[in-house]
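# Working through the structure, step by step
The chain contents come next:
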Amino acid sequence: MPLATPLKNLDRELARFHGRLKAGAVFVVLLAAALLGRGYYLQVTQHDYYIQRAESNRISLVPTAPNRGLILDRKGRILAENYSAYTLELTRTRASDLEATLAEVGKLIEITPGELRRFRRLLAESHEFETVPLKSKLTDEEVAILAANHYRLPGAQVKARLFRNYRAGPGMAHVVGFIGRINDRDLKALRASGREENYRGTVHIGKTGLEQSYEAVLHGRTGFDQMETDASGRAVRMLSRIPPVPGKDLRLYLDAGLQAVAEHAFGDYTGGLVALDPNTGGVLAMVSKPGFDPNLFVDGIDPETWKTLNESPERPMVNRVLRGIYPPGSTIKPFMGLAGLETGVRTPSDSIVDPGYFMLPNSSHQYRDWKRGGHGIVDLRRAIAQSCDTYFYKLAVDLGIDRMHDFLEKFSFGEKTGIDLDGESPGLLPSREWKERRWKKIWYPGETVIAGIGQGYHLTTPLQLATATAMIANGGKRIEPRLVEAMRDPLTHVWQPLAPVVRDQVPIKPEDLAVVRQGMVDVVHPGGTASVAGAGAPYTMAGKTGTAQVVGIKQGARYDASRLARQYRDHALFIAYAPAENPRIAIAVLVENGGHGGSTAAPIARAVFDYYLTGKLPGSMKAEGNDASD
Amino acid sequence: MPRTSHWIIRSLSHVDVILLVLVLLLLGISLAVVTSASGESPARITGHLVNIALALGVMVVMANVPPHLLSKVGPPLYAVGIVLLVGVALFGEIRNGARRWLDLGFMAFQPSELLKLALPLMLAWYFQRNEGGLRTKHFFVAGALLAMPFLLILRQPDLGTALLIGASGFYLLFFAGLPWKVIVGGGALGAASLPVVWGLMHDYQRQRILTLLDPSSDPLGAGYHIIQSTIAIGSGGLFGKGWMQGTQNQLDFIPERTTDFIYAVFGEEFGYVGAVLLVALYLAVVARGLLIAARAPTLFGRLMAATVSLNLFTYVFVNMGMVSGILPVVGVPLPLMSYGGTALLTLLLGIGILMSVATHRQLNKS
């Protein structure tokens, strides 16, 4: 009955409806105000914050690694260089099944067992999101094959990378060192020194040698490309670019030709040699035999090769010049002589009669001279020339261990020389305090006696011996040995020479020095212990032979009967400088198990001097047509 | 031909010019934003134009349907909707863990969409029938008619749609005169039952709300949408970065940016000034709708016009609130802006009803 609806009710309902409409309108306006309020907050109040968020949203920094500085010898010959090559790299997190991808790669290109072993070692060491190289230096054909089959190889990618090539060969491995992939320990060190940021985008870091000690200089500064990225992180376009600054090039004092001569002169012997410029401290040659191929390490070494190198009884990985510690033997005698003169315990003309042995008062023990029957009447000059043990036994006793220690200390014995390489051994210069501290025992007079001829506790590195020899040559200037002579600024291309670092000037009376020097000149002349090595030299040489009983660096654990005899032989030592009137080169040579210094070590020094001072190559090298001197 | 043109002119006479202008303005903005958001994709732009043309056609048709005819569609449409919802509950297809779809063989159909229109029509028809003698029992019956689809959809589960349909039903009851004390009491009861509702909610629903409170807790998952859209809007600033100049938009940072999150693109490129203008346009549509409701001669017309208007604004509020990070993320498009045929069609259908109510005043009295 719609017609029966009372009009009054209709009016009331209409009025109520209009009321509700107003309430609805208010409701809508309130909601709209809430939206606009929120919009105001986001777009006006918080605008600065969100514009920043938007910028960081869309901008990512892509690091570009700088080119590593080159390492050159003194004549500009390249020892370490960079080259670009393609590598096949795998990423664990991107591969659904890494083994399947590996198998697939193996079907396409040749993967050697060594490469596979190396890959697995690097994989175990790296984080799962890192790319790990499987095969480097791909040929163009291999790159094409991999590119064509890319869809079948999830997790695999071919990347162009900069590699390091060591042109210098195994002999230079200990000087130049090598780079390797940055591992957790490197990363920790970088973090600790605040350099981590600069290594974003860098894969390699110097591990040994100059590559390690000049890492900060060689690396350069990482650049950044400001890339606009989309939500999935893909780069859309470049906004701005901070270019990387290449590392500085290093120029060494070292002469690659001289180095080759020195290596060649060593022949099959193991040992160490270092030649210094006594006026600058520059390292002219540094040989540690045997060497190894540093290129093996650049892209990660495979475990088998590493094991072979590391467990070899010849210990090729140890830099004998820096870390090999040997008794100085008779090479200590010139320094002992200087100590006697400088302390006033001896005058140059003080002589002894050598019966062939020395005895301490109130003791029947005979300290024997190397020459049975003795040298007869001996003054200092002769004692050095003929390496008379008895003279120095007595001198040592008269000096006492304290004065000996204090004097020898000035010649860098028992201390790091400060060379620009890491891992140098300080050697050991014994003293009364040292023995008390180390062994909790008093110093015995007998120990002083043998210390006089460089035996006993005294241990020295070839580098220390060379540094000390240079001091005799330059009149007491204690200079830190340096490999790097100059650095080239990558932007201006200007070579900036590094100033020699003179640590100390030891005051030595010229007349005292002259006596010792004369003795050393006599060594390489008729009547001296190395007269054969010095014969016919067109310049004046000064030297001192030495022989050290085998207690040097530890030999490997492997038992090898064929080597046994040689292993028991003494180490041969020789220190020298030339020309005697105006020294330009000082050297220390150590030949492990070489027997007597005069016959094995001194000829090596002679070959080095000949080449350095006269340009003469050893006869056997000329025949080989060695091109190291070009 | 003269006959045809006569028919066209008569059809157009039922179009409300003010609403038409407002709708065309909004659709014009929509076209511009969709163009920018799609990266000028020709397929998207043409698709959008086709949708707009179709929906405008439907609007004109609806404008010509007299309200008294429309009211008769209510009960059968509602009945079919309820039957389909029951069908969904029994035989529905499960997608994404929810039973919302009915496989009709040629298409998957969501009956809840049908109820968005059917429920207000049904209730308006019911109140119209009892005009002048509305009593408490009528509100009880209407409440039951509302509760049935609401609970069925809530069970699917589809909280968002259930609340939106519930809201449209509530608006109708509200305009029909549901007593204030019931509204306030119900509101208080609702607030008190929130902990219970929380307990009944599904994990993903709870997650959405928790994410809203702290988007950074899940920056790559559920929070990603909110974080990215607020960055886009906030970085737009007062005047915006300019059309097609929004970096967050162009660089793909805004998810679903042609559909549900289109407001983020708009906010980034047109700024706060643009947002104020947009809200003003929506308010104008709502104001026009409420005015039509106020002038409508029948209770059915009044209730439908008011409910459609408020409904539209609810969608605007829920969408913009969600995109600007004050409401949880629910799948609601921005009316007349988002790309998508069905939503646009439903909306212009509603506008068509408004026009019909506006232009059939005299006719209805006969």
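On a predicted model such as this, the values are computed, not experimentally measured, just so you know. (Residues numbered from 1 in each chain as written. Chains lettered and ligands numbered in written order. Predicted model: local features only at pLDDT ≥ 70, side-chain atom pairs only at ≥ 80, totals over all residues. Heavy atoms only, no water.)

## With respect to the overall build of chain A
Short version of the rule: Each helix is a run of H or I in the DSSP string that is no shorter than four residues. Each strand is a run of E no shorter than two, and both are numbered from the N terminus. Here's how the labels work: a residue is buried when its accessible area is under 20% of the maximum for its type, exposed when over 50%, partly exposed in between, all with a 1.4 Å probe on protein chains only. Between two residues, a contact is recorded if the distance between any of their heavy atoms is within 4.5 Å. The Shrake-Rupley method, run with a 1.4 Å probe, gives the accessible areas here. Residue values count only the displayed protein chains as cover.
Secondary structure assignment for chain A yields 24 helices and 23 strands. In chain A, which comprises 630 residues, the proportion classed as buried is 53%. Contacts spanning at least 24 positions in sequence make up 74% of the contacts within chain A whose residues lie at least 6 apart. Of the roughly 28200 Å² that chain A leaves accessible, carbon and sulfur atoms contribute 54%.

## Concerning the overall build of chain B
The number of helices and strands found in chain B is 16 helices and three strands. Buried residues in chain B amount to 54% of all 366 residues. At a minimum sequence separation of 6, the contacts of chain B that also span at least 24 residues come to 71%. Of the roughly 15700 Å² of accessible surface on chain B, 70% is carried by carbon and sulfur atoms.

## Things to note about the UniProt feature "active site" (unreviewed entry) in chain A
Residue and element names in this part refer to chain A. Inclusion rule: UniProt positions are given in the numbering used here, feature names are shortened, and annotations may be inferred rather than shown by experiment.
Those residues carrying the UniProt feature "active site" (unreviewed entry) are S330 in this numbering. Since its relative accessible area comes to 12%, S330 is described here as buried. Residues in contact with S330, not counting those within four places in the same chain, are S387, D389, I453, K544, T545, G546 and T547.

## Let's talk about the interface of chain A and chain B
Threshold: Accessible area that two parts lose when put together, with a 1.4 Å probe and added across both, is what the buried area reports. Salt-bridge detection follows one rule: a side-chain nitrogen of Lys or Arg within 4 Å of a carboxyl oxygen of Asp or Glu. N or O atoms closer than or at 3.5 Å make up a polar contact, with two conditions inside protein: a donor-capable atom paired with an acceptor-capable one, and, for residues adjacent in sequence, both atoms drawn from side chains. Polarity classes work like this: nonpolar for Ala, Val, Leu, Ile, Met, Phe, Trp, Tyr, Cys and Pro, charged for Asp, Glu, Lys and Arg, and polar for all others, with Gly in that last group.
Contacts between the two partners involve 38 residues from chain A, matched on the other side by 53 residues from chain B. Its largest share of buried area at the contact with chain B, chain A owes to R20, L35 and Q43 of chain A, together 20% of the area lost on that side. For the interface between chain A and chain B, the tally reads zero salt bridges. Remark: the boundary between chain A and chain B carries 11 residue pairs in polar contact (both at pLDDT 80 or more). Of all elements in the fold, only helix 1 (7–45), helix 2 (47–58) and strand 8 (223–229) of chain A reach the threshold of two or more residues within the side of chain A that touches chain B. The residue inventory of the side of chain A that touches chain B, partitioned by class, reads 21 nonpolar, nine polar and eight charged.

## What to know about the nonpolar core
How we decide: Here, nonpolar core means buried Ala, Val, Leu, Ile, Met, Phe, Trp, Tyr and Cys residues that are tied together by side-chain atoms lying within 4.5 Å of each other.
In this structure, L273 and F609 of chain A are the most contacted members of the largest nonpolar core, which totals 127 residues. Residue contributions to this core peak at 10 residues, all from helix 23 (residues 597–614) of chain A. Setting aside anything within four residues of it in sequence, one finds F609 of chain A in contact with Y539, M541, A576, Y577, A578, I585, I587 and T614 of chain A. The next biggest cluster of nonpolar side chains, apart from the first, holds 115 residues, and it includes L21 of chain A together with F127, Y282 and F317 of chain B.

## Details of the sheet that holds strand 9 (residues 235–242) of chain A
All names here are of chain A. Going by this rule: Following DSSP output, two strands are said to pair if at least two bridges run between them. Axis angles are defined between N-to-C directions and span 0 to 180 degrees, where every axis is a line fitted to C-alpha atoms and, for a helix, only to the segment in contact.
Strand order in the open sheet formed by three strands is 1-8-9, and the pairing between neighbours is antiparallel. With one partner strand each, in any of the chains shown, strand 1 (59–64) and strand 9 form the two edges of the open sheet. Averaged over all adjacent pairs, the angle separating strand axes in this sheet is 30 degrees, with direction ignored. By the bridge criterion, six bridges tie strand 1 to strand 8 in an arrangement that is antiparallel.

## Here's the deal with unusual backbone geometry
A negative phi holds for most residues other than glycine; trans holds for most peptide bonds. Residues and elements named next belong to chain A. For the bond running from K289 to P290, omega is -5 degrees, close enough to zero to count as cis. Assignment of secondary structure puts P290 in the loop between strand 12 (283–289) and helix 11 (295–298). A cis amide bond links A578 to the next residue, P579, at an omega of -15 degrees. Position of P579 relative to the elements: it lies in the loop between strand 22 (571–578) and strand 23 (585–591). Not every positive phi belongs to a glycine, and N362 is a case in point at roughly 60 degrees.

## Quick notes on the packing of helix 14 (residues 299–323) of chain B against helix 15 (residues 341–359) of chain B
The geometry of a pair of packed helices is captured by two quantities: the angle between their axes and the separation between those axes. All names here are of chain B. For clarity, the cut-off: Here a crossing is taken to be left-handed if its near helix is turned anticlockwise relative to the far helix by less than a right angle, and right-handed if that turn runs clockwise.
Remark: helix 14 packs on helix 15, axes separated minimally by 9 Å, with the N-to-C direction vectors making an angle of 145 degrees. Pair helix 14 / helix 15 crosses with left-handed handedness. Of the residues in helix 15, those in contact with G301, M304, A305, V308, S309 and L312 of helix 14 are L347, G350, I351, I353, L354 and V357. Class assignment of the residues belonging to the contact of helix 14 with helix 15 gives a composition of nine nonpolar, three polar and no charged.

## Quick look at the pattern of salt bridges
Residues and elements named next belong to chain A. Summed over all chains, the structure comprises 35 salt bridges over all chains. A salt bridge links K207 to D186; the nearest nitrogen and oxygen atoms lie 2.5 Å apart. Of this pair, K207 sits in the loop between strand 7 (204–206) and helix 8 (209–213) while D186 sits in helix 7 (residues 184–192), and the two are 21 residues apart along the sequence. When its relative accessible area of 22% is taken as the criterion, K207 is described as partly exposed. For R346, the salt bridge identified is with D398, shortest N-O distance 2.8 Å. Of this pair, R346 sits in the loop between helix 14 (333–342) and strand 13 (352–354) while D398 sits in helix 16 (residues 389–409), placing them 52 residues apart in sequence.

## Some words on the packing of helix 14 of chain A against helix 20 (residues 510–523) of chain A
All names here are of chain A. The condition that has to hold: Should an angle lie under 35 degrees it is considered roughly parallel, over 145 roughly antiparallel, and from 65 to 115 roughly perpendicular; all remaining angles are considered oblique.
One can describe the packing of helix 14 onto helix 20 by two numbers: an axis separation of 9 Å at closest approach and a directional angle of 155 degrees. It follows from the interaxial angle that helix 14 and helix 20 lie roughly antiparallel. Judged by the sense of rotation from one axis to the other, the crossing of helix 14 with helix 20 is right-handed. Each of P334, G337, L338, L341 and E342 in helix 14 lies in contact with helix 20, whose residues at this interface are D512, L513, V515, V516 and M520. Taken together, the residues of the contact of helix 14 with helix 20 break down into seven nonpolar, one polar and two charged.

## A few points about the packing of aromatic side chains
Going by this rule: The rule is short: rings of Phe, Tyr and Trp, with Trp giving its six-membered ring, pair when the centres are within 6.5 Å, and they are stacked under 30 degrees, edge-to-face over 60, tilted in between. Lysine NZ or arginine CZ positioned within 6 Å of the ring centre and within 35 degrees of the ring normal marks a charge as sitting over the ring.
Across all of its chains, the model carries 27 aromatic pairs over all chains by this definition. A ring pair is formed by Y391 of chain A and F392 of chain A, whose centres lie 5.2 Å apart and whose planes are at 70 degrees; its orientation type is edge-to-face. Y391 of chain A gets classed as buried once you look at its relative accessible area, which sits at 1%. Exposure remark for F392 of chain A: the relative accessible area of 0% places this residue in the buried category. Every member of this aromatic cluster is reached through a ring pair, and the members are F17 and F27 of chain A together with F170, Y171, F174, F175 and W180 of chain B. A cation over a ring is seen here: R346 of chain A above Y391 of chain A, with NZ or CZ 5.9 Å from the ring centre.

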